[in-house]
Protein chains: 4
Amino acid sequence: MSVSETVEVTGHLIDSGILSRILDDIREYEGDYVIDRFDVGHDAADTSRATITVSADDDPALQRLLMRLQTRGVNQVDPGEAMLALADMDGVFPDGFYSTTNLETKVRIGSTWIDVGNPEMDCGLVVEYSGSGEVVRVMTLPMSDVRIGMHVVCGASGVRVKSPVLEKAPGSFGFMESEVSSEKPQGVLVRSVADGMREAKAAGKKVLWVGGPGVVHTGAAPAMVAMVDAGFVDVLFAGNALATHDIESALYGTSLGVDLALGRGVEHGHEHHIRALNTIRKVGSIAAAVEQGVLTGGIMHAMVTHEKAFVLVGSVRDDGPLPDVYTDVIEGQRAMRAQLQDVGYCLMVATMLHSVATGNILPASIPLVCVDINPATVTKLADRGSSHARGIVTDVGLFLEQLAGELVPDYRRA
Amino acid sequence: MSVSETVEVTGHLIDSGILSRILDDIREYEGDYVIDRFDVGHDAADTSRATITVSADDDPALQRLLMRLQTRGVNQVDPGEAMLALADMDGVFPDGFYSTTNLETKVRIGSTWIDVGNPEMDCGLVVEYSGSGEVVRVMTLPMSDVRIGMHVVCGASGVRVKSPVLEKAPGSFGFMESEVSSEKPQGVLVRSVADGMREAKAAGKKVLWVGGPGVVHTGAAPAMVAMVDAGFVDVLFAGNALATHDIESALYGTSLGVDLALGRGVEHGHEHHIRALNTIRKVGSIAAAVEQGVLTGGIMHAMVTHEKAFVLVGSVRDDGPLPDVYTDVIEGQRAMRAQLQDVGYCLMVATMLHSVATGNILPASIPLVCVDINPATVTKLADRGSSHARGIVTDVGLFLEQLAGELVPDYRRA
Amino acid sequence: MSVSETVEVTGHLIDSGILSRILDDIREYEGDYVIDRFDVGHDAADTSRATITVSADDDPALQRLLMRLQTRGVNQVDPGEAMLALADMDGVFPDGFYSTTNLETKVRIGSTWIDVGNPEMDCGLVVEYSGSGEVVRVMTLPMSDVRIGMHVVCGASGVRVKSPVLEKAPGSFGFMESEVSSEKPQGVLVRSVADGMREAKAAGKKVLWVGGPGVVHTGAAPAMVAMVDAGFVDVLFAGNALATHDIESALYGTSLGVDLALGRGVEHGHEHHIRALNTIRKVGSIAAAVEQGVLTGGIMHAMVTHEKAFVLVGSVRDDGPLPDVYTDVIEGQRAMRAQLQDVGYCLMVATMLHSVATGNILPASIPLVCVDINPATVTKLADRGSSHARGIVTDVGLFLEQLAGELVPDYRRA
Amino acid sequence: MSVSETVEVTGHLIDSGILSRILDDIREYEGDYVIDRFDVGHDAADTSRATITVSADDDPALQRLLMRLQTRGVNQVDPGEAMLALADMDGVFPDGFYSTTNLETKVRIGSTWIDVGNPEMDCGLVVEYSGSGEVVRVMTLPMSDVRIGMHVVCGASGVRVKSPVLEKAPGSFGFMESEVSSEKPQGVLVRSVADGMREAKAAGKKVLWVGGPGVVHTGAAPAMVAMVDAGFVDVLFAGNALATHDIESALYGTSLGVDLALGRGVEHGHEHHIRALNTIRKVGSIAAAVEQGVLTGGIMHAMVTHEKAFVLVGSVRDDGPLPDVYTDVIEGQRAMRAQLQDVGYCLMVATMLHSVATGNILPASIPLVCVDINPATVTKLADRGSSHARGIVTDVGLFLEQLAGELVPDYRRA
C-alpha cells in the first residue's frame, strides 16, 4: 500500500535545475510522483511554481522522502503540526527525527510558526519549553548534543523551509555548474569576492575565512596579513597545519614553499615544524607567544594582534599539536558554531577538510566562496548541502595576491 | 664562526638518489659540506659509502642539520654519547630535543648502544631508568605525551639509525619515483601487493589496512569483505565516513555509488547516513549492532564477526559520529599506535587523511603501499617520511576487485 | 526592433535538465523568451512538451539562436521551407549557413521532408540535385569540402531534428552528470560496456575503438589483442603514438610501462621508438611489416591479421611518423568519416585528442563511452556536442583487463 | 659475449640526480656497468666527474645504450671517428643511425670536430659534402626529410655532446623536481619569467610563446595583447583553437569564459566559432582580415599588426580550419623549425600538444618555462628530453595578468 503527500515548490525551478533534482531525489528514494500543477514563469524573470503529489511504500519512507525534498526547498501544501517525541538517551535522537536542512526554517507548534534561530544541516530540531509549558524557542541541535528528555521534532509535518532566491542578474558571476563567464573571468571573480566582503562589512557583518596550509606554502601569507590588518578577516577556521606552518615560517625564516599544486605537499621530515610546535607549547598559547615577543610575524600574529577570533581544530595526522588546537573534534565543532553569529560572508581557501566541516554548519543564507587549485575540492563542496556555494578553481597564491590588491589600497607585492 | 661534524652514509647512494637528497638537505638548512671520501660501488650491485664533513653557523643549527640528515640514514662517524635533559613541563620537550626518524634507531648511553623499540617520526626519545638508575629502555614519545621529569635525548650525538636496504631486484616493481614497469604494470602491481600480504601472514605478521569511504563508493565493499573473511585484514584504521557509509549501505540497501573519482563525493543531503548514525548510537556500538542483529552485512560487520581490530578516528567534518569513533584525535593516535605491534604489511586505500596519519606513526621497516586514483595522494604520502612507500595510482574499485581475485581462490564478482 | 519565432520541444525536459539548458542558451545568445505552453509529464515516465516564443534583436541573431537551440532538439513550430544559397568560394559556406547538430535531421525542400544521411556536428547542409533538377539527397559537409556552386542550406527554416530518447530505465547506469550508481559501480560499468558491444555485434553493427598510447603503457595491450581476436574491435582510430608504442613493444620487448596515470608519460629520450618508426618506414607499412614477419605481435599486428580497419591520424608532436599515418589532418578526418558506416558502438580509451575528433563526426545516435583516469577528459567529451556520451573515470589498464574477462570466455591474465 | 665501452660525464652529478638517471638508463637498456673512477666535487660548488665502463650483450645494443647515455651528457672517453652510411630510401635512416639529443653536439670526421648547427632530439645527423668532397656542415634532420644518398652518422662513435651547466644559484627558482621555493613562490616565479624574457630581448634574442585556447578562456587575452604590444611576443606557436577562439571573441564579442581549469572546456555546440572560421576563410587569411578591417582586436590582430610571426598547426579535432593553419603536421613542424632561429626564451602556456611538439624541436640551451594549471602537463614536458624545462603549476589567467603587470609598466586590468 502506498501513502502520499502533496508538496509545492516555488522559484526558478527550470533554469536553476532544481526541479530536475527534485525528481531525481524522488526516484533515488524509490518514491513516485504526479505533477498536479505546474505554473511556469512565462518570462525569463518570472518564478515558477509546481505542485507535486509524491508517494512512497509506507509512512516512514514517505517521511524520509519529504525531509529529503525539504533540502531542495520543497514544502508540504498542508504542513500540519510538528510532531514531537522525547529523547530517551543522551546523544541519540528518537526514531523518525526530522533531519534538518541549512535553509531558513519554521516549525508549527500549537498553530504558531516559530523561526528556527540557527539553521544547520543534518541536525535535529529541539523545542525548548518554559516552566509554564510555553515554547521558548526551537533550535537545531547536533546528534551528539542531544540529552534525555529533550523534545525533538519527528517526521516532516509542521516544518517549512525557505530557499534563498537565486539571483541570475547580469554581472554576477553566477553558479559554478551553470555559468562562469565574462571576458575576464579571473579578474571578475576576484572583484566579486572583494565586493562580497565589502558588502558584508558595510552591513556590519563578519567575514569568515577557512584556510589550509596552502595559504602559507603558496606564499600568500603576506597578502593575508594585509587583509587581516585591513579588517577583512574577522574569524579564521583552520587546522593545526596552517597555524604551525605560518608560525614555523615566522620563527625560523624557513620558507617551505613547496607548491601544493604540484601535489608534493610539505615534506614531513622537515623537522622545523616540530620545534615550532614545541616552542609555542612551551609558552602556552599563540597569544602568549605574541605577548612575550616570541612570535612577531605572520598570519596568526596578525590575528592575535587585531584580537580576531580563530578556531583551530585538530585532525588525526597532527603533530604536536599547538596548544590552541581543539583535539576533540566535537568540541571543535562547537567552538566553530559559537563563532558563526553575525558572519555575513565566508571564503574557503585551500582546504577540503575544514571547508566541508564549515559547510556543514553554515546556514545557506551566508554567501560562500570556495577557492582551490584542485577542482575536486571545489566540486565536492558545491555538491554538498549548500548549493549556494560558488567555486573558483585557481591558484591560491595568485588569487590572494590579487584579492589583497583589490581590498587593500596600498598593498604592493614586496 | 662555523662548527662542523663528520658523517657517513652507506647504501645505494647514487642510483637511489639518496646522496642527492642529502646534499639538498644541507643546502636547505643553510649548511655547507665537503665530501671527504666517496667509495663508489663499482658494480651495479655494490653499495657505496660516503664520508662528508658538514658545517653550520652555530651548534644548534648544526645539531638540527645532523638530525635532519638522520632521516636519510646518515650517522655521525664519531657519534659520542647521547645527551639527556629533563622535561620541565608536561607536553613540552626540552630545547634541542632529538627529533626522531622512522628508521631503526639505537641510542648510546654509558657506552652501550640501546635499541629503540618503536621507531616513529617526529617524536622525542625518552630514556626510562629503573629505581636503581639503570636504563630500562629507550622509546619514542610524541610531544603531547611528555611528562615533567622525563629524560629526553637532546642533539644528535649518541644516536644511530639504519636505513632499510632498498632492493632493486628484477621482478620487484620498485619505487614510484624511479621506476614503474614490466609489461603488465597493473597486473604485476596487484600480484605484488597480494604477495606482500601473503608473506606477512606466512611470517606470522598482521596486515594493516587504512581505508577511506571510497572503498564503499566504488563498490569494493564485497571484495573487501571477502578479504576480511579470508584473513587478510587484521587491523583497519579509518574514519567515521568509511564505517558510516558501509553501515548505511548495509542498513538501507542504498548504494551511494557516486564515484569519488569524478570528484563528486557523496551528496551530503542524503540523510540516510544520519539515520544510520543514530541507529548505531542507539545500540551503543558497532559490535552491539552486530550482536543484536541490527547490522548484518558489510565491512564493519565482517570485522566484528572475525574479531578483528579497528580504530576509527574522527575529524572535524564528522556527523554523529559512530559511538566507536575516537573524537579526540590525540587519543585516536594512541589507539592506532597500540595496534601497530606485529604489523608486517600496510595497505592504504582511498584516504589522504588517515594514510598520512598512519604514515606518521609507522616504522620505515614495514612495507607500505598506497592506492588512490588521485596522484596527489600517492605522491604526498611518498614524499613524507617513509620514502619506502610504494604508490599505485589506479581505480580503487577495480584494484580491490582484482586483489580479492588474487587472494581469495573462489572469489567471483556477483 | 525584435523578431521572434515559436519553437517546441518534447522529451524528459525537466528531469534530464534539457529545458534548463535551453533557457541558458537563450540567455547566452542574448535572446529573450516567453513560455507559451508547458504540458508537463504527470507521471515519472511521461514526456513533457514545451512551446516557447524566442526573440532576438534582429533576424541573423534569431537564426543563430534557432540553430543553437536545434542542438538541444528544439524545432520551430512552423518550420517553413529550407532556404538555399550558392557557395561562391571553395572551402567557404555562404553567410548565414545552417550549422548542423549531430542529431537525426530532416530538411524540407519543395514541401518534402528529406532525411539527412550522415548527421555530423558543425557542418553545413548541402543539397544535391540531379540533372533534371530533382533533389537527389541532402548531406552534411564539412567546411573544407565546400566547392563553388554547391547548394547550401541557410538559416534555421525548413530543418527539423530529433533527439534520441533518453532512457532512464532502472538497471541502466545512466549519464555521468545525473547519476552513476548501483552497488557495484565498476563491475556494472564494465558489464554495461560489454553488453553494448555484444548488442551492436548482434545487430550486425561494427564496434569502433578510439585509443591513446595509455592502452599500451598500462599493460592492456594483451587484453586488447584478445578482444581484437574475439571480434570486438572492428575499427580503430588512433594516432601515431598508440601504434608506435605498440610496435616498439613488439619489436624490442621493451616495456615502457610508465603509468600515464602518474602523469609521467613516456620519456621521450627513450630512443627505441625512433628505431621502431624507422623499421616500419623501411618496409613501407604496418601491413607489410606483418606480412614480412617483421612485426609478429601486439595490437596493430592483430588488427592487420584480422583485416580490421584502422585510421591513424598524425599530430604536430609526432616523430616519424609511421607510413600509415595521415599527416594531413583534414585528410585524416575524411578517412575517419569513411569508416563510420555501420558503426553501432564506440569506446574511447585514454585519449583526449582522438576522442574529441571522433565525437565531432559521430552521429548522436551511436552509443558512446569514454574511459579515462583523468576526469577532465571524460567531462570534456561529455560537454561537447554529444550529450549522449557516457563517461567512466577509472584505470584504463584494469578496465580493459576486466572488459576482456567479460567478452572473451577463456581470457586469463598471463 | 659482452662488449663494452668507457664513458665519462662531468657536472653536478650527484646533487642534480643525473648520475642516478644514468645508472637507471643502463639497467633499463639491460646493460651493466663498473664505475672506474669517480672524482667527487668536494665542495658544494664543485663539479664531479665519473668514468664508467658500460657493457651490453652485443654491439648494436651497446651502441643504442651509448646513444641513450648521450641524452644525459655522457660521452665516450675515446670517441673515435663518426661512422657514416648512405641513406638508400627516402624518409628512412640507415640501420643503426645515431639518434640525436637536444644538447650542443659535435661530430668528428677526418679528425676534425664539427659543430652541429641545429640540435634537435630524435633526429639523425646528416653530413653535407661539397663537390670537392669537403665537409660543408653537419646538421640534424628529422626522419621524414631523409633523402636517398644522404650521408648519415651511425652508432655513437665520433659524437660528443655538452650539457648546459645547471645553475643552482641562490635566488634562481631552480628546477621543478628538486626545489621550488622562497617565501613568495608565485611572485618570484612571475618575476623570474619576466627577467628571462627581458634578458633574452636585451641579448637581441626572440621570445617564443606556445599557447593553447586556455589563454583566451581564462580571460588573459588582453594581458597577452599588452605583451605583444610591448614587444615580448616575437613568435607564437599554436593550433587552430587558440586563434579561432581569439578571433571569435573579437568578432562576436562572445566570451566563452568557461574556465578550462574546471575541466569543462568550451562547449562545442556553441556555433559562433564555426561562423568565425567561415568569415576568415572567406577573406583568405588572418592578415587579410586585419587589413580589410574585419578583425580589429585580440591576440592574432596584435600579432599581425606588429608583424610578428606565428605558426598555427592543425590537429585532427579541428573545425575549419583557419586558412593560416598547416593541415599537414609534418609541414607544420618544418614551419616551426624555421622560426627557431634567434629564439632566446620560450614560454609555454596552457597546451600539452603544442608544448610537447615545441619541446621536441627546441635545443636544450634555450630556457624553457611551461605554465599550466594541470600538473600532468607540466610534468610530462619536464619528463621529456629537455630536463631544462621549468614547470609552473598555476592559474594561467592570473599568471599572465601578473606577468603583464611585470613587463608592461602601465598595464592595468580594465
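Small disclaimer: the values here were computed from a predicted structure and weren't measured.

Caption draft 1: Fine view of the sheet that holds strand β10 (residues 151-154) of chain B. All names here are of chain B. Taken in spatial order, the 4 strands of this open sheet run β5-β10-β8-β9, and their pairing is antiparallel. Edge positions in the sheet fall to β5 (83-86) and β9 (135-141), since each of these pairs with one other strand and no more. Here the strands of the sheet are splayed against their neighbours by 35 degrees on average, with no regard to which way each runs. Pairing of β5 with β10, which is carried by 4 bridges, proceeds in the antiparallel orientation.

Caption draft 2: How the structure looks around a negative patch on the surface. On the surface, E30, D57, D58 and D59 of chain A cluster together into a patch of negative charge. For D58 of chain A, the position within the fold is in the loop between β3 (48-56) and α2 (59-70).

Caption draft 3: Layout of the relation of the copies chain A and chain B. Superposing chain A onto chain B takes a rotation of 180 degrees combined with a translation of 0.0 Å along the rotation axis, leaving an RMSD of 0.0 Å. When the rotation and shift are considered jointly, the pair of chain copies conforms to a two-fold rotation axis. For chain A, the minimum C-alpha distance to the rotation axis belongs to D328 of chain A and amounts to 1.9 Å. In this assembly the copies share their binding face: 100% of the residues contributing to the interface of chain A also contribute to that of chain B.

Caption draft 4: Structural detail: the sheet that holds strand β2 (residues 32-39) of chain D. Residues and elements named next belong to chain D. Strand order in this open sheet of 4 strands is β2-β3-β1-β4, and the pairing throughout is antiparallel. Since the sheet does not close on itself, it has two edges, and those belong to β2 and β4 (75-76), each with one partner. Judged from the 7 bridges that link them, β2 and strand β3 (residues 48-56) form a sheet pairing that is antiparallel. Paired with Y33 across the two strands is V54, which belongs to β3. Packed onto the sheet, helix α1 (residues 18-28) meets β1 (3-11), β2 and β3 and runs at close to 160 degrees relative to β2.

Caption draft 5: Here's a closer look at the interface of chain D and chain C. Taken residue by residue, the interface counts 65 residues in chain D and 65 residues in chain C. Overall, the association of chain D and chain C removes approximately 6100 Å² of surface from exposure, summing both partners, and the carbon and sulfur fraction of that is 53%. Counting across the chain D and chain C interface gives 2 salt bridges. Two residues, D95 of chain C and K282 of chain D, come together in a salt bridge whose shortest N-O distance is 2.9 Å.

Caption draft 6: Highlighting helix α10 (residues 329-337) of chain B. Burial in α10 of chain B covers these residues: V329, I330, G332, Q333, A335 and M336 of chain B. Its buried side turned inward, α10 of chain B meets α10 (329-337) of chain A together with β13 (235-238), β14 (309-313), β15 (325-326) and α11 (353-361) of chain B. N-capping of α10 of chain B is provided by D328 of chain B, with a side-chain oxygen placed 3.0 Å from the backbone N of I330 of chain B.

Caption draft 7: Quick look at the state of the cysteines. Residues and elements named next belong to chain B. If you walk through the whole model with that rule in mind, you get 0 disulfides over all chains. Cysteine C123 is unpaired, with the sulfur of C154 as its nearest cysteine sulfur at 15 Å. The thiol of C370 is unpaired, and the distance to the nearest cysteine sulfur, on C346, comes to 9.1 Å. When its relative accessible area of 2% is taken as the criterion, C370 is described as buried.

Caption draft 8: Structural context of the nonpolar core. One finds W209 and L403 of chain B together with W209 and L403 of chain C to be the most contacted residues of the largest nonpolar core, which totals 133 residues. Apart from residues lying up to four places away in sequence, W209 of chain C is in contact with M197, M224, M227, F232, V233, V235, L236, F237, L347, V349, L400 and L403 of chain C. Counting 132 residues, the second-largest nonpolar core is a separate cluster that includes A194, M224 and V408 of chain A together with F93 of chain B.

Caption draft 9: Summary view of the pairing of strand β18 (residues 389-393) of chain A. Residue and element names in this part refer to chain A. Burial analysis of β18 places 4 of its 5 residues in the buried class, the great majority of the element. Across 5 bridges, the pairing between strand β17 (residues 368-372) and β18 is parallel. From the neighbouring strand, L368 faces β18, where its bridge partner is A389.

Caption draft 10: Up close: the packing of aromatic side chains. A complete count under the given rule lists 6 aromatic pairs over all chains for this structure. Arranged with centres 4.6 Å apart and planes meeting at 20 degrees, the rings of F93 of chain B and F97 of chain B form a pair that is stacked. In terms of burial, F93 of chain B and F97 of chain B fall into one category: buried. If you follow R275 of chain A out to its NZ or CZ, it ends over the ring of F97 of chain B, 4.6 Å from the centre.

Caption draft 11: Layout of the packing of helix α1 (residues 18-28) of chain C against helix α2 (residues 59-70) of chain C. All names here are of chain C. Running from amino to carboxyl end, α1 crosses α2 at an angle of 155 degrees, the nearest separation of the two axes being 10 Å. In terms of axis orientation, α1 runs roughly antiparallel to α2. Like other packed secondary-structure pairs, α1 and α2 cross with a definite hand, here right-handed. Residues I22, D25 and I26 of α1 touch α2, and the partners they reach there are L65, R68 and L69. Looking at the contact of α1 with α2 residue by residue, the classes come out as 4 nonpolar, no polar and 2 charged.

Caption draft 12: Seen up close, the interface of chain A and chain B. Between chain A and chain B, the residue contacts involve 65 residues of the former and 65 residues of the latter. For the chain A and chain B pair, buried surface summed over both sides reaches about 6100 Å², with 52% attributable to carbon and sulfur atoms. Where chain A meets chain B, there are 2 salt bridges. Taken together, the connections running from chain A to chain B amount to 20 residue pairs in polar contact (both at pLDDT 80 or more). With 8 residues, helix α7 (residues 272-283) of chain A is the single largest residue contributor to the side of chain A that touches chain B.

Caption draft 13: Inspection of the relation of the copies chain D and chain C at higher detail. When chain D is fitted to chain C, the residual RMSD is 0.0 Å, and the transformation amounts to a turn of 180 degrees plus an axial shift of 0.0 Å. Taken together, the interface assignments show that 100% of the residues at the interface of chain D recur at the interface of chain C, consistent with an identical surface on both copies.

Caption draft 14: Geometry of helix α13 (residues 396-407) of chain B. Residue and element names in this part refer to chain B. An ideal rise of 1.5 Å per residue puts 16 Å on 12 residues; α13 measures up with 16 Å between its terminal C-alpha atoms. Burial within α13 is extensive, with 10 of its 12 residues counted as buried. Among the residues of α13, those classed as buried are V396, G397, L398, F399, L400, E401, Q402, L403, A404 and L407. For α13, the N-terminal cap is D395; the gap from its side-chain oxygen to the backbone nitrogen of G397 is 2.9 Å.

Caption draft 15: Structural view of unusual backbone geometry. Between G320 of chain B and P321 of chain B the backbone carries a cis peptide bond, its omega angle lying at -10 degrees. Following the sequence through the fold, P321 of chain B ends up in the loop between β14 and β15. Phi is positive for A350 of chain C, which is not a glycine, with a value near 60 degrees. Tracing the backbone through its elements, the reader meets A350 of chain C in the loop between β16 (343-349) and α11 (353-361). Assessed through its relative accessible area of 17%, A350 of chain C is described here as buried. In this structure, D122 of chain D takes a positive phi of about 60 degrees despite not being glycine.

Analysis parameters
- Residues numbered from 1 in each chain as written.
- Chains lettered and ligands numbered in written order.
- Predicted model: local features only at pLDDT ≥ 70, side-chain atom pairs only at ≥ 80, totals over all residues.
- Heavy atoms only, no water.
- Pairing = 2+ DSSP bridges.
- Helix = DSSP H or I, 4+ residues; strand = E, 2+ residues; numbered from the N terminus.
- Axes fitted to C-alpha atoms, helices over the stretch in contact; angles between N-to-C directions.
- Patch = residues over 30% accessible without salt bridge, like charges linked within 9 Å, V, L, I, M, F, W, Y side chains within 5 Å.
- Areas by Shrake-Rupley, 256 points an atom, 1.4 Å probe, with all protein chains shown as cover.
- Salt bridge = Lys/Arg side-chain N within 4 Å of Asp/Glu carboxyl O.
- Lys, Arg positive; Asp, Glu negative; His and termini not counted.
- Charge placed at Lys NZ, Arg CZ, Asp CG, Glu CD.
- Least-squares fit on C-alpha atoms with pLDDT ≥ 70 in both.
- Contact = heavy atoms within 4.5 Å.
- Buried area = accessible area lost by both parts, 1.4 Å probe.
- Buried < 20%, exposed > 50% of the residue type's maximum accessible area, 1.4 Å probe, protein only.
- Polar contact = N/O pair within 3.5 Å; in protein donor to acceptor, adjacent residues only side chain to side chain.
- Disulfide = S-S within 2.5 Å.
- Core = buried A, V, L, I, M, F, W, Y, C linked by side-chain atoms within 4.5 Å.
- Phe/Tyr/Trp six-rings, centres within 6.5 Å; stacked < 30°, edge-to-face > 60°.
- Lys NZ or Arg CZ within 6 Å of the ring centre and 35° of its normal.
- Parallel < 35°, antiparallel > 145°, perpendicular 65-115°, else oblique.
- Left-handed = near helix turned anticlockwise from the far one by under 90°.
- Nonpolar A, V, L, I, M, F, W, Y, C, P; charged D, E, K, R; others polar.
- Expected span 1.5 Å × (residues − 1).

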